[in-house]
Amino acid sequence: MNRSFVNNIFTDFKEESSAYHFDGCEITSDTMLSKVDTLIIGGGLLGLSTALSLAEAGQEVLVTEARHIGHGPSGRSGGQLWPGYGASITEMCSRLGEKLTLKAWQLTHQALSTLHQRAATRSDYCNFRPGVLLASKTVSQSKRIKKKMQAYQELGLKFAQYMTAPQIKQELVHTDFFLNGILYKGAENDVEYGHLNPLKLTTTVARLAQAHGAKLVQHNPVLAIYKKDQHGYLVVTQQGDIEANHVVVAAGANFRRPEGLDRKSLPRTYLPVQTVILATEPITNALAKELVPGGVSFYDSANTAMNYGRIIPVEGMEGYSRLTLGGADAAGQVFLAWDIRKIEQEMRLMFPQLDRNHVKIEHVWGGNCDLSRNGIPVLGNPTQGLYYCSSFAGQGMLNTTTYGSAIAKKILGNSQEFNLLAQISSSLYANHPLIAWFQAAKILLPQSFEDYQESFKKA
């Protein structure tokens, strides 16, 4: 990598360009409205999915975005569509019971069908490729993989396939790093899990929402939210005031509580940590096929600082691709700079072909990831007409569709899905930052000393 460790310390990777390109799909802002049925704060996938569902039902809805559509994590993520939640299915069954866990997982599977329908409105299907591999790098991780696979079988879930190390290396990811794994692809004749271009998906959902009548206003941060005496809210934005019967706060890890709302109305729902993705310079499709013969996205089963990678096409360069590898749960810029070095080191250890072919790292970009206390998103309706949702813990590509649909149905009068998701919602963090970091220590520190030892040996 050409960048030095010191340069990385002083670089805001949230502002660095990603390897994804708008490809002529920038979203044009609509004219501001002064009064709407529902105002959605945040133009990421959660806000856009909620807006699309409401607009399809004929409701007047406006989305206000502080920057531009695609600027935040929704347009810059790893692009994985994996089943379930950040909490494992075994953890959820133990805490919530099998019946409630299955209902919650079925909602995400239904959302996958919706997401495929939306991606299919583009001729390139948002560069969708099937297959997500959850793999182990340590003995303790491999034990957890077997336990998860057993749970899937006992619950009758048929979208997962157990893979041995030789199968992974020959069929999916050509590396000696992985001991075993679970391939999520989809049951026979069912929708498939996989990965896609997150920026293309985000702009696609935005365009669909606009086509159904939703208004999108960019570069319009929210300054204050006031509850009106009788009904509804007055929202003060940079471009003007908006009256709304319903307000949905869907702004994620970059949002700060505006004036007019107290901690009870909008509590600390997440802890922001920094993540980063590295992408190689363009490589031939032949080399890409050698590295990842199965074309799947892959991620390890570490409890903290999970690494995830995939092959992505290079826009405008037919026959060329990039290898990406992301990770880090950094609590500060110095830690992030250190993680960048570790991620590149792991990438080259996993795939020695990169050094043999003198492949360089060309892109490094990042963003904030909103962690919940147990890996499940936080969903709330603290007062009539006010909703908040956040803390997707890196699994927002699919679950934003799940939760956006539930919020929209709640606003339209059907509370069933909303109530189910609120029932499994993560507990809140303390509002004081120091206490919140203490509460998150178990998430951010290695949860298995055996994992730590073996990962250190590999590095």
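What counts, and at which threshold
Residues numbered from 1 in each chain as written. Predicted model: local features only at pLDDT ≥ 70, side-chain atom pairs only at ≥ 80, totals over all residues. Heavy atoms only, no water. Helix = DSSP H or I, 4+ residues; strand = E, 2+ residues; numbered from the N terminus. Rg over C-alpha atoms; globule rule 2.2 N^0.38 Å. Buried < 20%, exposed > 50% of the residue type's maximum accessible area, 1.4 Å probe, protein only. Areas by Shrake-Rupley, 256 points an atom, 1.4 Å probe, with all protein chains shown as cover. Pairing = 2+ DSSP bridges. Salt bridge = Lys/Arg side-chain N within 4 Å of Asp/Glu carboxyl O. Axes fitted to C-alpha atoms, helices over the stretch in contact; angles between N-to-C directions. Parallel < 35°, antiparallel > 145°, perpendicular 65-115°, else oblique. Left-handed = near helix turned anticlockwise from the far one by under 90°. Contact = heavy atoms within 4.5 Å. Nonpolar A, V, L, I, M, F, W, Y, C, P; charged D, E, K, R; others polar.

Colleague: Quick question: what am I supposed to make of the overall build of the chain here?
Modeller: On a plain count of helices and strands, the chain comes out with 14 helices and 20 strands. Taken over the C-alpha trace, the chain has a radius of gyration of 21 Å; the compact-globule value for 459 residues is 23 Å, and the two agree within 12%. When each of the 459 residues of the chain is scored for burial, the buried share is 55%. When the accessible surface of the chain is totalled, it reaches about 19,500 Å², and 50% of it is carbon and sulfur.

Colleague: Which parts of the structure should I look at to understand the sheet that holds strand S4 (residues 129-130)?
Modeller: Strand pairing within a sheet occurs via backbone hydrogen bonds; the two strands may be parallel or antiparallel. Strand order in this open sheet of three strands is S3-S8-S4, and the pairing throughout is antiparallel. The open sheet has two free edges, formed respectively by strand S3 (80-81) and S4, since each of these has just one partner strand. Pairing of S3 with strand S8 (residues 194-195), which is carried by two bridges, proceeds in the antiparallel orientation. Bridged to Leu81 within S8 is Gly194.

Colleague: Got a minute to help me understand the pattern of salt bridges in this structure?
Modeller: Pairing between side chains becomes possible if they bear opposite charge and their charged atoms approach one another. Under the definition given, this model contains 14 salt bridges. Taking the shortest distance from any N to any O, the salt bridge between Glu243 and Lys228 comes out at 2.9 Å. Of this pair, Glu243 sits in strand S12 (residues 240-249) while Lys228 sits in the loop between strand S10 (222-227) and strand S11 (233-237); the two residues are 15 residues apart in sequence, bridging distant segments of the chain. For Glu243, a relative accessible area of 31% corresponds to the partly exposed category. Residue classification places Lys228 among the partly exposed positions, given a relative accessible area of 32%. If you follow the salt bridges from partner to partner, you end up with Arg122, Asp124, Lys200 and Glu315 in one network.

Colleague: Any chance you could explain the packing of helix H4 (residues 98-119) against helix H12 (residues 416-423) here in plain terms?
Modeller: The axes of two packed helices give the description: the angle between them and the distance between them. Close contact between H4 and H12 brings their axes to 10 Å; oriented N to C, the two are set at 125°. Classified by the angle between their axes, H4 and H12 sit oblique to one another. As for how H4 packs across H12, the hand of that crossing is left-handed. Residues Leu100, Lys103, Ala104, Leu107 and Gln110 of H4 pack against Glu417, Leu420, Leu421 and Gln423 of H12. Looking at the contact of H4 with H12, its residues break down into five nonpolar, two polar and two charged.

In short, shape yes, function no, at least from these values alone.
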